[in-house]
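Given next are the chains, with one letter for each unit.
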Amino acid sequence: MDKKEFKKKFKRRLAEKFAMEVTDASSNELYQTLGSLMTSAYSQDWRETWKDYRENNQKQSYYFSIEFLPGKMLKSNLLNMGWLELVEEGLDELGIQLNDLVEIEPDMALGNGGLGRLASCFMDSIASCGLPGNGNGIRYEYGLFKQRFVDNYQVELPDEWLQKGNLWEVRKESKAVDVQIGGNVYLKPDQYGKLSPVYEGGSKLRAVPYDTGMVGYQNKIVNTMRLWSLEIPPEEEDRYRSIEARRSFEDLTSVLYPDDSNEAGRKMRLTQEYFFVSAGVQSILRYFKSLNQPMDEINQYAAIHINDTHPAMCVAEFMRLLVDEEQMSWERAWDLTRKVMSYTNHTIMAEALEKWSIDMMKNVCPRIYQIIEEIDRRFVEELIGVQDFDLIQRTRIIQDGQVHMAHLAIIGSHSTNGVAKLHSDLLKSVVLHDFYLLYPDRFNNKTNGIAMRRWVQLANPAMSKVLDATIGKTWRKNSDDLRLLLNYEEDDQVLNALAEAKYQNKRSLAAYIKSHCGIEVSPEAIFDVQIKRLHAYKRQLLNLLHIIKLYLDLKENPELPIEPRVFIFGAKAAPSYHYAKSIIKVINEVASLINADETIKGKLKLVFLENYNVSLAERIIPAADVSEQISLASKEASGTSNMKLMLNGAVTIATLDGANVEIRDAVGDDNIAIFGLTEGEVYQYYEKRNYHAIDLYERDTTIQKVVNALIDGTIPNITKEGQEIFDSLIKYNDEFFVLRDFEDYCAAQMSVNQAYQDTRRWRQISLRNTANAGRFSSDRTVQQYADDIWQIEPLFAHNDNRGVTQH
Ligand code: GPQ
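Per-chain numbering applies: the sequence of each chain, read as written, is numbered from 1 onward. Local features in this predicted model are restricted to residues of pLDDT 70 or higher, and side-chain atom pairs are both shown and tallied only at a pLDDT of 80 or more, whereas totals for entire chains, interfaces and linings draw on every residue. Only hydrogens and water are removed before side-chain values are computed, so all heavy atoms of the structure are retained for them.

A.B. asks: Which parts of the structure should I look at to understand the environment of Gln 163?
C.D. replies: Within the secondary structure layout, Gln 163 lies in the loop between strand E6 (153–157) and strand E7 (169–171). For the pair Gln 163 and Tyr 62, spaced 101 residues apart in the sequence, the C-alpha separation amounts to 29 Å. Of note is the side chain of Gln 163, whose polar atom sits 2.5 Å from the side chain of Glu 160. Numbering of helices and strands runs from the N terminus; a helix is a DSSP stretch of H or I covering at least four residues, while a strand is a stretch of E covering at least two. Definition of a polar contact: a pair of N or O atoms within 3.5 Å, with one able to donate and the other able to accept a hydrogen when the atoms are protein atoms, and with sequence-neighbouring residues admitted only if both atoms are side-chain atoms.

A.B. asks: Please clarify how helix H15 (residues 421–431) should be interpreted in this entry.
C.D. replies: Think of an α-helix as turning once every 3.6 residues; residues three or four places apart then point the same way. Exposure is judged per residue with a 1.4 Å probe applied to protein chains only, and the accessible area is read against the type maximum: over 50% gives exposed, under 20% gives buried, and values in between give partly exposed. Along H15, the residues classified as buried are Leu 422, His 423, Ser 424, Leu 426 and Leu 427. Tucked into the core, H15 has its buried residues touching strand E18 (416–418), helix H16 (433–438), strand E19 (443–445), helix H24 (660–667) and helix H25 (679–688). It only takes one pair of heavy atoms within 4.5 Å for two residues to be counted as in contact.

A.B. asks: Got a minute to help me understand the confidence of the model for the protein in this structure?
C.D. replies: The predicted structure's coordinates, where accompanied by low pLDDT, should not be read in detail. This prediction gives the protein a mean pLDDT of 96; 99% of its residues lie at or above 70. pLDDT is defined as a per-residue confidence score from the predictor, taking values between 0 and 100. Under a pLDDT of 50 for its full length, residues 803–807 has, in the predicted model, 16 contacts with residues more than four places off or in other chains.

A.B. asks: Is there a simple way to think about the nonpolar core in this case?
C.D. replies: Across soluble globular proteins, you tend to see nonpolar side chains buried next to one another. We call a set of buried residues a nonpolar core when its members are Ala, Val, Leu, Ile, Met, Phe, Trp, Tyr or Cys and they connect through side-chain atoms within 4.5 Å of each other. Grouped together as the largest cluster of nonpolar side chains are 204 residues, with contacts concentrated most on Phe 10, Leu 34, Leu 74 and Met 361. Per-element tally for this core: the top contributor is helix H8 (residues 267–290), with 11 residues. Mapping this core onto the domain boundaries places at least three of its residues in each of domain 1 (56–72 + 107–446 + 784–802) and domain 2 (499–757). Apart from the residues lying within four places of it in its own chain, the contact partners of Met 361 are Leu 270, Met 313, Trp 356, Pro 366, Tyr 369, Ile 372, Val 403 and Met 405. Residue ranges for the domains originate in an automatic or database domain assignment.

A.B. asks: How do you make sense of the pattern of salt bridges when you look at a structure like this?
C.D. replies: Opposite charge on two side chains lets them pair, provided their charged atoms get close. Only one rule defines a salt bridge in this text: a Lys or Arg side-chain nitrogen within 4 Å of an Asp or Glu carboxyl oxygen. Scanning the entire structure with this criterion turns up 56 salt bridges. Its salt-bridge partner being Arg 619, residue Glu 103 comes within 3.6 Å of it at the nearest N-O pair. One end of the pair, Glu 103, is in helix H5 (residues 98–104); the other, Arg 619, is in helix H22 (residues 614–620), with 516 residues separating them in the sequence. We classify Arg 619 as partly exposed; its relative accessible area is 36%. Among the ionic pairs, Asp 124 bridges to Arg 453, the shortest N-O distance being 2.8 Å. Taken together, the residues Asp 124 in helix H6 (residues 114–128) and Arg 453 in helix H17 (residues 452–458) connect sequence positions 329 residues apart. Neither Asp 124 nor Arg 453 differs from the other in exposure class; each is buried. One salt-bridge network, in which partners are shared between bridges, spans Glu 331, Glu 374, Arg 377, Arg 378 and Glu 381.

Right under this line is the structure:
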């Protein structure tokens, strides 16, 4: 399609849809028109991709995830369709700014943070690598809450993202399935003595899929993200006549649990989990049966991926369908189940490892509980006498009245992976050590990655242009080619061009900050960014204490020779996470204090941007000079904002945690500021129990001064919160070693400050960060999953038959 044709089609579609001309239409109507042109353009490829997979008996992977966090899809679909430039220019000629239409689209925020965003980066990469892979999740009516600050406190508002409809989804009524919840089950022998389940009571939920096309990058592949929505089956209407009954039913899948890596242990959450697991597994089986292949070979057609433990019941549901519905023997079914399933662990934090009480599970999915009991019984039976008794006790699925979901996922699959080298090593040596002894071959690492298309091409057009002009365009398809940039680290023209792009991005972020927070910041200052969920282990507090220190130092000596710095935070706290919300309050109060203080001559600014989400990340990341990755070593499984920020040329201040270790290896010690305890040292402290925060506080006058500022009135309006945080450090012994790492952190900050003063050197460091980011592409990650775990292959024939690049 060329520009002229696009304009013609656009005007025609607008007339068909709204009986309107461009000049009469609202931005929303224009957005709807553009979206509808796009979906009709890619839907043919979508159908053909689907058909090709079927006709080639292609093995497909199914990524089961309770969260997906795609953000906005308009531009990313345009880019992947190869339409972006053409549409931007075409609309411009019609007097329409594409970016005004982008504003209309709500962020699709069916996820909390890293875990959900990773799932969406994977969806982009799987399609872009031409791999046959699908997403499977929940279509929440309300996404992650909207964050507002009122009196500097976080307030949560509902995210009604579907209010104006959703352009990209297709409701597939014909593919609905029923999910049985609750009731009683008992086993009854049939005429051959085989036990079959008989269900009594409970209710049937109808799961209706909404499919969204996952458009590959200029390769004519369109995969499917299938999100399940709950409806009342017509035959059950009678039971839901009253408003309350209806509401409580509809509530079941309407809200995303807003807690990041902290299981809520609620019945509704368990119901959500079983709902999307059962619907997804049933639809996979139904599809497979339509292929008329022997059931024994299902592992050659389907790979089911369990993204963290939330979908771990896939193991039992798959068993249920094979054994109860397909009359397969337990042994054959078990062998197939393990071959089909694989599992990713995303955390070592104990509170995030899901356990469900037996009672609750019996209540929600009684047959699944029975099957898990049998899996557990056979697991013990097989190991007794072979393995150490205590080890069996520690690894079995059911213990002390609880069902351990990670154990189910590991025992019921052929692969368990962590998300960064260090994390995968810790799984083997500490967290899942017992399982590693049982199944050493099942453990592997898959370091996370990010969708380069969204995080450079779309988010940072200014830098992308410089890259094109410097190293050619191949990096857009193959991110390893970013390395070519290393040839230019002594080239002042390139260094300046990259710096100019950064400056442009900082100017537009500064404008955003001015219009959204009313704070004036200079793009000449260092933009220092920490963006991620608010968690004690991520240590936003460490960042804050350093800011307080700088502020107090500047108050004492306004001539202090430091580079002007703008500290930028973006973070949501789980609504029930009291401590995290106190940190937000205190950061906001410190911001009010500092930003209004004329005596420090604007050398220090502190900005906490409201409602951090994918779209805001796309604005912040290209404008960052410094990336804060300062979690306590061993606690952050991987991190992914660390990768996005380095890619966009930010210099990282980091502990040796998660993927920071691999970023350090990629750029070398001279191009990153490492500080703090190592994971080994942290474990030493745990072992010897010899960390005493109060000693540090009493000994170190700087720490004293800074920590006292929380309670001595230096910062207004934080009487309660300041005390709470003070106590967490001093009275409750500083669980995440903030004070232990403080001095080292300040030194790292100082070294960054100095490096920035040498402009040329800083630019070189920045260039090296971008140049070495290629390995963190999620294209690489999903290819490794495809090769090592899922054993799926791209449909090459497909490309040859249909040709590439143009829609
Ligand atoms: N992560 Cl268990 C989440 O975002 N939510 C969760 O519930 C769990 C983990 C994150 C993890 O904290 C990050 O270190 C990872 O980079 C991210 O998952 C993706 O693996």
